[in-house]
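So you can see what is in the structure, the chains are spelled out below.
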Amino acid sequence: MPGLTIGDALPNLEVETTCGRFMLHDFVGQDWVIIFSHPGDFTPVCTTELAKVAAHTERFEDRGVKLLGLSCDDIQSHNNWIKDIESYSGGCKVKFPIIADPKREIIKELNMVDPDEKDATGNQVPSRALHVVAGDKKIKLSILYPATIGRNMDEILRAVDALQKTANHKVATPVNWMPGEPVVIHPSLSNDQAKEMFPHGYSTAELASGNDYLRFTNV
Ligand code: BEZ
């Protein structure tokens, strides 16, 4: 069976976290949530990643995004590791829950298993997987990095901005798009529909084909 991916519903699993036990759907509620996994506690790349997430917590909150980490070690280990994360981040607090998954059940359900990496006891560990879930409980974006490559939090914030923009308007975001820059009109819209939907207008790029599918607007 193919693993959990974009378009799929988030399984409503019960999880044990550093902030208590809850069902995933209750945690999501009507909000945006980022669920991100880490190969293990007290590992170097993970510590840098979580410190950066802690430092960016307000930027996620500003976008109405809740954070939910996951690492396979137990709650006691997570709570000890959080002290390292907070000291490395210069005192930024880890205010979000981190799931404990010592039996490696959650990572399988959430398609977060690294096929290659094993811990010291030979157990499978999570990859650096990340799912962005919306209030309808569906996965809107997933990324999958190997354990050896840390993720870029600025890119994750940018992707959230793009997801929220495209959820609210019939547009798509072009290469390297940043908030405030023009977006492209969804290719499924005819020019007549585009004129109606974007009454303030749009510009069409001149292309070698003479086709008019590359239409920029501001929303
Ligand atoms: C790390 O978080 O630093 C790490 C974990 C597993 C493999 C490689 C790096």
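The rules behind the values
Residues numbered from 1 in each chain as written. Predicted model: local features only at pLDDT ≥ 70, side-chain atom pairs only at ≥ 80, totals over all residues. Heavy atoms only, no water. Salt bridge = Lys/Arg side-chain N within 4 Å of Asp/Glu carboxyl O. Buried < 20%, exposed > 50% of the residue type's maximum accessible area, 1.4 Å probe, protein only. Near = heavy atom within 4 Å. Polar contact = N/O pair within 3.5 Å; in protein donor to acceptor, adjacent residues only side chain to side chain. Areas by Shrake-Rupley, 256 points an atom, 1.4 Å probe, with all protein chains shown as cover. Helix = DSSP H or I, 4+ residues; strand = E, 2+ residues; numbered from the N terminus. Nonpolar A, V, L, I, M, F, W, Y, C, P; charged D, E, K, R; others polar. Contact = heavy atoms within 4.5 Å.

Q: Any chance you could explain the pattern of salt bridges here in plain terms?
A: Oppositely charged side chains may form a pair once their charged atoms are brought near each other. In this structure the tally under the stated criterion is ten salt bridges. Notably, a salt bridge pairs glutamate 86 with lysine 93, separated by 3.5 Å at the nearest N-O pair. Looking at glutamate 86, the relative accessible area reads 15%, which means it is buried. Among the salt bridges present, the one from aspartate 136 reaches lysine 140, with a minimum N-O distance of 2.8 Å. Judged by relative accessible area, which is 33%, lysine 140 ranks as partly exposed. Sharing partners across several salt bridges, the network here consists of Glu49, Arg128 and Arg151.

Q: What exactly am I supposed to notice about the site of the ligand here?
A: Residues in close proximity to the ligand include Pro39, Thr43, Pro44, Val45, Cys46, Glu117, Arg128 and Ala147, which together make up its full environment. Valine 45 is positioned such that a nitrogen or oxygen atom in its backbone is 2.6 Å from an oxygen atom of the ligand. Within the backbone of cysteine 46, a nitrogen or oxygen atom sits 3.1 Å from an oxygen atom of the ligand. Notes on the ligand: free accessible area 260 Å², of which the protein chains cover 80%. The element contributing the most residues to the shell around the ligand is helix α2 (residues 44-55), with three residues. Residues belonging to the shell around the ligand are distributed by class as follows: five nonpolar, one polar and two charged.

Q: Explain the environment of leucine 24 to me, please; I cannot follow it from the model alone.
A: Topologically, leucine 24 is positioned in helix α1 (residues 24-28). Distance in space between the C-alpha atoms of leucine 24 and tyrosine 202 is 41 Å, their sequence separation being 178 residues.

Q: Sorry if this is basic, but what is going on with the side chain of serine 127 here?
A: Secondary-structure assignment places serine 127 in the loop between β7 (124-126) and β8 (128-133). Residues contacting serine 127, with those up to four places away along its chain left out, are Ser37, His38, Pro39, Met112, Val113, Asp114, Leu144 and Tyr145.

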